[in-house]
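# Observations on the model geometry
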Amino acid sequence: MSSIKKFAGQTAIYGLSTIASRILNFFLTPIYTTVYAPKAYGVFTTMYAWASVLNAIMAFGMETTFFRFINKKEDKERVYNNTFFVIAFIALIFVGTAFLFIRPIAEWMQSGKATSLQDYISFIQYFIVILAFDALCVIPFARIRAEGKPFRYAFIKLVNILSFIGLNLFFLFVVPLIIENNWPLATWFAGWYKPGWIGYVFWSNLLASILTFALLLPELMKLTFKVDKRLLWDMFHYSWPVLIANLSFIINENSDKIFLEKLLPPSISDKQVGIYGACTKLAIFMNIFIQAFRLGAEPFFFSSSKNKDAKETYSLIMSYFIIALVLIYVGLIANIDILKYFIGEQFWDGLYVVPILLLGYLNLGIYMNLSIWYKLSDQTKYGLYISGIGAVLTIVLNIVFIPMYGFIASAWVSLCAYSVMMILSYLWGQKHYPIPYRIKIDLLYIAVATILVYTSFVVLNRDIIWGNALFVIFTVLILYIEKENLKKIFLK
């Protein structure tokens, strides 16, 4: 149980920084959905969906590869150099190629839209640089986590998000006040400022990414220009299935916004993407927990894999991970009529997709936990198979159903794809790297949570009091069932 405590402690530190960062970022959502119309917010959502796909490509699975190889007793500095310079080389190729084809890319994205071609060209230019800086930060951040420096990690992440938020507020509110009140520099700002321009969000992101890169200079200074060709080959063999798996995962997570934008008529596509994108933000609290878990779990799982009770530890971690997810699931839906005020009223038409999205994210979180089996057993090809199947399902089902049903189809498709990925990972994992998960009780918690969510959202018509009563009863029931295990963990 001491290893569980250690894992909980590490995850708590990463979790606090992740929670703080995500919640601070979340508070931009009501600002964006008030300042920008759904069509403009749709452009924002689409650009970030594409950025997520490209981020996965540029990282090339090297973050997971870094953790795997430093726990194989390889020289840590060689692992660090190799993984960083792979990403740096990819970033260089990406920047050079992307700038060559900016105009045709912009014309394809802008086709039939109200946003001007020149704006799209500008947006793409900003994102090329943002993506390059973000890619160069991946391995330095991984090094910080591997060295057990969660407070430094948290500090840099918080500076990143605070600078991003501060710059957003400056461009969206402070600059207009300066111009309106004729304060110092008002004439200069008035010469170039465009009210309501979505590009200021991207400016803020670009400047925050550059600042983050600068804060990581101490880690970057530890690099030496040496690449081990033998080690590089071994890394590529391990990482390329991880890359495809990560890319497929990102496609599952973001292609729905891209397909909505392309498969619906131009007159409504940006609005539909905007409403759907805003409603997905209400799932932020579940995503925060999953992200915090991943940050603590990956290095912990690799470092503890040789312990004799490792598999039992992984099983118990899974159970309490699921308990946390189902409580978040029920709690969020119980309070959906409070959370909806974090997005503009014009976006409330999409609230009915939130329970579906949350159940999909719950299954995705379980899949991410399950995926440790193929990473520990060096069978990353299975990650490729599983995520590939999920991506094919996502693409095919979105193409078939979006033209008929709009964004509700995207929500159901996400749930379907994540459920299939979760089931496949469990079945193959039990065959190749069996872990004694508490499958019956875990499934029971998920089933009961789903029933309670349906009751709260549909039967009780989102009544806050009754919804929270169900949440409290569910929490007490889980604590009663788990009381003996909890005593062993926290009283030992």
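Presented here is a report on the structure given in the accompanying data block. All of these numbers come straight from a predicted model, not from anything done at the bench. Counting restarts for each chain: residues are numbered from 1 in the order of the written sequence. Whole-chain, interface and lining totals are the exception, using all residues; otherwise, since this is a predicted model, local features are given only for residues with pLDDT of at least 70 and side-chain atom pairs are given and counted only at 80 or more. Neither water nor hydrogens contribute to the side-chain values; these are computed over all heavy atoms in the structure.

Where helices and strands are cited, they refer to DSSP runs of H or I of at least four residues and of E of at least two residues respectively, numbered from the N terminus. Each helix and strand in the chain was counted, giving 23 helices and 0 strands. Each radius of gyration reported is based on C-alpha atoms, and the globular scaling rule is 2.2 Å times the count of residues to the power 0.38. Taken over the C-alpha trace, the chain has a radius of gyration of 23 Å; the compact-globule value for 492 residues is 23 Å, and the two agree within 12%. Whether a residue is buried, partly exposed or exposed follows from its accessible area with a 1.4 Å probe, protein chains only, as a fraction of its type maximum: under 20%, in between, or over 50%, in that order. By residue count, 55% of the 492 residues in the chain fall in the buried class. A contact between two residues is defined here by any heavy atoms of the two lying within 4.5 Å. Sequence-distant contacts in the chain: of pairs separated by 6 or more residues, those separated by 24 or more amount to 84%. For accessible areas, the Shrake-Rupley method is used with a probe of radius 1.4 Å. Any residue's cover is judged against the shown protein chains and nothing else. Accessible surface computed for the chain: about 21400 Å², of which carbon and sulfur atoms make up 70%.

Together, Val 392, Val 396, Val 400, Phe 401, Met 404 and Tyr 405 make up a nonpolar patch on the protein surface, roughly 560 Å² of accessible area in all. Structurally, the position occupied by Tyr 405 is in helix α19 (residues 381–405). Residues enter patches when they are more than 30% accessible in relative terms and free of salt bridges; like-charged ones are connected within 9 Å and nonpolar ones (Val, Leu, Ile, Met, Phe, Trp, Tyr) within 5 Å. For this analysis, a salt bridge means a side-chain nitrogen from Lys or Arg found within 4 Å of a carboxyl oxygen belonging to Asp or Glu.

For the structure on display, the rule yields 13 salt bridges. The salt bridge partner of Arg 438 is Glu 482, with a shortest N-O separation of 2.9 Å. Placement of the pair is Arg 438 in the loop between α20 (407–432) and α21 (439–459) and Glu 482 in the loop between α22 (464–481) and α23 (483–491), with a sequence separation of 44 residues. With a relative accessible area of 2%, Glu 482 lands in the buried category.

Unusually for a residue other than glycine, Asn 182 sits at a positive phi of about 55°. With respect to the element layout, Asn 182 can be found in the loop between α8 (150–180) and α9 (186–190). Phi at Asn 461 is positive, roughly 55°, even though this residue is not glycine. The topology assignment puts Asn 461 in the loop between α21 and α22.

Here we come to the packing of aromatic side chains. For Phe, Tyr and Trp, where Trp contributes only its six-membered ring, two rings pair if their centres lie within 6.5 Å, and the inter-plane angle classes them as stacked under 30 degrees, edge-to-face over 60, or tilted in between. One pass over the full model with this rule turns up 46 aromatic pairs. Ring centres 5.4 Å apart and planes at 75° place the aromatic pair Trp 188 and Trp 192 in the edge-to-face group. Residue class for Trp 188 comes out exposed when judged on its relative accessible area of 52%. With relative accessibility at 26%, the residue Trp 192 sits in the partly exposed group. Above the ring of Tyr 80, the side-chain terminus of Arg 143 is found at 4.5 Å from the ring centroid. The ring of Tyr 433 is capped by Lys 311, whose NZ or CZ atom sits 4.5 Å from the centre of that ring. Counted as over-ring charges are cases with an Arg CZ or a Lys NZ within 6 Å of the ring centre that also lie within 35 degrees of the ring normal.

As a further point, take helix α13 (residues 266–280). Multiply 1.5 Å by the residue count of a helix minus one, and that product is the helix's expected span. When the terminal C-alpha atoms of α13 are compared, their 21 Å separation across 15 residues agrees well with the 21 Å that a helix rising 1.5 Å per residue should span. Residues of α13 that are buried include every one of Ser 269, Asp 270, Val 273, Gly 274, Ile 275, Tyr 276, Gly 277, Ala 278, Cys 279 and Thr 280, and no others.

The next subject is the nonpolar core. With 149 residues, the main nonpolar core has Tyr 32, Met 47, Phe 202, Val 326 and Ile 366 as its most contacted residues. If sequence neighbours within four positions are ignored, Phe 202 has contacts with Phe 44, Met 47, Tyr 48, Phe 123, Tyr 126, Phe 127 and Ile 130. Nine residue types can take part in a nonpolar core, namely buried Ala, Val, Leu, Ile, Met, Phe, Trp, Tyr and Cys, and a core is a set of them joined through side-chain atoms within 4.5 Å.

The next thing to look at is the side chain of Thr 83. Along the chain, the position of Thr 83 falls in helix α5 (residues 76–100). You can call Thr 83 buried: its relative accessible area is 0%. The term polar contact refers here to a pair of N or O atoms within 3.5 Å; inside protein, the definition further demands a hydrogen-donor-capable atom paired with an acceptor-capable atom, and it admits residues adjacent in sequence only when both atoms are side-chain atoms. Reaching out from Thr 83, the side chain makes a polar contact with the backbone oxygen of Tyr 80 at a distance of 3.1 Å. Filtering out sequence-adjacent residues up to four positions away, Thr 83 remains in contact with Met 62, Phe 66, Ile 139 and Met 235.

A few words on the packing of helix α15 (residues 310–334) against helix α17 (residues 354–370). Direction vectors running N to C along α15 and α17 enclose 170°, while the axes themselves pass 10 Å from each other. As summarised for this structure, α15 and α17 are arranged roughly antiparallel, according to the angle between their axes. Contact residues: α15 offers Ile 317, Met 318, Phe 321, Ile 322, Leu 325, Val 326, Tyr 329, Leu 332 and Ile 333, while α17 offers Val 354, Pro 355, Leu 358, Leu 359, Leu 362, Gly 365, Ile 366, Asn 369 and Leu 370. Gly counts as polar in this scheme, as do all residues outside two lists: the nonpolar Ala, Val, Leu, Ile, Met, Phe, Trp, Tyr, Cys and Pro, and the charged Asp, Glu, Lys and Arg. Per-class residue counts for the contact of α15 with α17 are 16 nonpolar, 2 polar and no charged. Axis definition: a line fitted to C-alpha atoms, over the contacting stretch in the case of helices. Angles run 0 to 180 degrees between N-to-C directions. Oblique is the label for any angle not covered by the other classes, which are roughly parallel (under 35 degrees), roughly antiparallel (over 145) and roughly perpendicular (65 to 115).

The next point concerns the packing of α19 against α20. Here α19 crosses α20 at 160°, and the two axes come no closer than 8 Å. What the angle tells us is that α19 and α20 run roughly antiparallel. Classified by chirality, the crossing of α20 by α19 is right-handed. In terms of residue class, the contact of α19 with α20 is made up of 19 nonpolar, 7 polar and no charged. It is the rotation of the near helix from the far one that decides the hand of a crossing: anticlockwise by less than a right angle makes it left-handed, clockwise makes it right-handed.

Along the chain, Leu 479 turns up in helix α22. Linking Leu 479 and Gly 429, residues 50 residues apart in sequence, is a C-alpha distance of 29 Å.

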